[in-house]
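Coordinate analysis (summary)
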Amino acid sequence: MTDISGNHSGDVVYPLAGKKVWVAGHRGMVGSALVRRLASEGCDIVTATRNELDLIRQSDVEKWFADNKPDAVFVPAAKVGGILANDTRPAEFIYDNLMIEANIIHAAHLAGVEKLLFLGSSCIYPKLAQQPIREDALLTGPLEPTNEYYAIAKIAGIKLCQAYRRQYGCDFISAMPTNLYGPGDNFNLQTSHVLPALMRKAHEAKLHGDKEMIIWGSGSPLREFLHVDDAADALVFLMKNYSAENHINVGSGEDISILELTHIVARTVGFDGQIVTDTSKPDGTPRKLMSGDRLKSLGWHSSTGLEKGIADTYRWFLQQEAIDLQ
Ligand code: GFB
């Protein structure tokens, strides 16, 4: 029988041992977690810094593939950011992401790459999708306006993988991770996602002896969080075990309100002042809990609880304190 992975036997579809694997965007939070996770796979990991390769430049990307000849490619490389960055820099979010994914996916096809995994995001789904959001909710309704441009680019990436699979038979797959957090996150308050922002705000409020910390929006939106090491594990699992054109959700299966999340972060950091909402800032989509049924049916589930994940991330944050967080 064929399962949803397209796998007939239940054996690993694509073992990574001995393969040359390029992690595009290895300095980002997801890329660096992938490099850590791949260390135990017996593969040859190749990377390129931004100075060595500008992913926006098509001919440079094609040349890089011709010179390096990877067997497999992970594509966490992307222009990413939190709600404010997405809302205020739509041109960068659509242009950079379209260029990066189109260049890599097309060049991977030209170079005969055996397998490629593209990363999307849970914000590709309609703003008011039925919860938990199944993969087939894609393109069934209007998008959340604060991240529409990023979402359109990521939807194009999924469609590129599907199209190259259909027309050229490329084994290109897509995964849709939920909101990720962990070591290597961006703690810049203007551009970050909510979890690192809350951690930094609570940490600084505690240091300065502030009586309150301000969070954006009403605090009522619900978000699903997954530790980046769990995400990397799921991505390696999919690379090895999944081969079909439908994208796969990658999440923890649980969501939490931003206000509750703030309380956990404040407790972890040791800030016991007041939490104040700034409703002049956007809430974004009210809820985006993804269905993890497909990934579960393939045999993967997350293992890091949110409180533990936040505590680990805070330890990492404290170790980085000497580094400039601006
Ligand atoms: O993580 P976040 O920026 O992005 O915000 P999204 C999640 C929620 O946290 C929103 C609230 O309701 C924010 O208003 N929030 C509260 C804060 N305080 C803060 C704060 O200090 N900083 C930030 N950043 N948020 C992004 C998308 O959506 O998520 C991207 O814009 C992508 O496209 C990414 O999909 C995963 O979850 O709203």
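Presented here is a report on the structure given in the accompanying data block. (Residues numbered from 1 in each chain as written. Predicted model: local features only at pLDDT ≥ 70, side-chain atom pairs only at ≥ 80, totals over all residues. Heavy atoms only, no water.)

1. Some words on the overall build of the protein
For clarity, the cut-off: Each helix is a run of DSSP H or I of at least 4 residues and each strand a run of E of at least 2, with the numbering of both proceeding from the N terminus. The globule rule is 2.2 Å times the number of residues to the power 0.38, and the radius of gyration it is compared with is taken over C-alpha atoms. Exposure is judged per residue with a 1.4 Å probe applied to protein chains only, and the accessible area is read against the type maximum: over 50% gives exposed, under 20% gives buried, and values in between give partly exposed. Where accessible areas are quoted, they stem from the Shrake-Rupley method and a 1.4 Å probe; at the residue level, only the protein chains shown are allowed to cover.
Counting secondary structure elements, the protein contains 10 helices and 11 strands. Rg of the C-alpha trace for the protein: 19 Å, near the compact-globule value of 20 Å for 326 residues, within the 12% margin. Overall size of the protein, expressed as C-alpha extent along the three principal axes, is 60 × 40 × 35 Å. Here the protein holds 326 residues, and 51% of them are scored as buried. Carbon and sulfur atoms form 50% of the exposed surface of the protein, whose accessible area is close to 14,500 Å².

2. As for the environment of Gly-82
Quick note on the threshold: The contact criterion used is simple: two residues touch if any of their non-hydrogen atoms lie within 4.5 Å.
Tracing the backbone through its elements, the reader meets Gly-82 in the loop between strand E3 (72–75) and helix H3 (83–88). For Gly-82, a relative accessible area of 4% translates into the label buried. A C-alpha to C-alpha distance of 5.7 Å links Gly-82 and Thr-191, two positions 109 residues apart in sequence. Here Gly-82 is in contact with Thr-191, Ser-192 and His-193, once residues within four sequence places are set aside.

3. Things to note about the packing of helix H4 (residues 90–110) against helix H5 (residues 148–168)
Selection criterion: Here, axes are lines fitted to C-alpha atoms. For helices the fit covers the stretch in contact, and angles between N-to-C directions go from 0 to 180 degrees. Orientation is classified from the angle alone, with under 35 degrees giving roughly parallel, over 145 giving roughly antiparallel, 65 to 115 giving roughly perpendicular, and any other angle giving oblique. Note on convention: near helix rotated counterclockwise from far helix by under a right angle means a left-handed crossing. Clockwise means right-handed.
Between H4 and H5, the shortest axis-to-axis distance is 8 Å and the interhelical angle comes to 15°. Considered as vectors, H4 and H5 are oriented roughly parallel to each other. Crossing hand, H4 versus H5: right-handed. Here H4 contributes Pro-90, Phe-93, Ile-94, Asn-97, Leu-98, Glu-101, Ala-102, Ile-105, His-106 and His-109 to the contact with H5, which in turn contributes Tyr-149, Tyr-150, Ile-152, Ala-153, Lys-154, Ala-156, Gly-157, Leu-160, Cys-161, Tyr-164 and Tyr-168.

4. Concerning the sheet that holds strand E5 (residues 172–177)
Stated precisely, the cut-off is as follows: Think of it this way: DSSP has to see at least two bridges between two strands before they count as a pair.
Ordered in space as E2-E1-E3-E4-E5-E9, the 6 strands form an open sheet in which the pairing is parallel. A strand with exactly one partner marks an edge of an open sheet, and here the two such strands are strand E2 (44–46) and strand E9 (248–250). Strand-to-strand twist across the sheet, computed as the mean angle between neighbouring axes with direction ignored, equals 25°. Of the pairings in the sheet, the one linking strand E4 (residues 115–119) to E5 comprises 4 bridges and is parallel in character. Bridge assignment links Leu-117 to a residue of E5, and that residue is Ile-173. The strands touched by helix H1 (residues 29–38) within the sheet are strand E1 (20–23), E2, E3 and E4, with E1 carrying the most contacts at an inclination of about 155°.

5. Points about the sheet that holds strand E8 (residues 222–227)
The strand order across the open sheet formed by 3 strands is E6-E8-E10, and the pairing between neighbours is mixed. Only two strands of the sheet have a single partner each, and these edge strands are strand E6 (179–181) and strand E10 (255–257). Each neighbouring strand pair of the sheet contributes to a mean axis angle of 50°, computed without reference to strand direction. Where E6 lies against E8, 3 bridges are found, and the strand directions are parallel. Looking at E8, one finds that Leu-180 is bridged to Leu-226. Strands E6, E8 and E10 of the sheet are contacted by helix H10 (residues 306–319), whose axis makes an angle of about 45° with E6.

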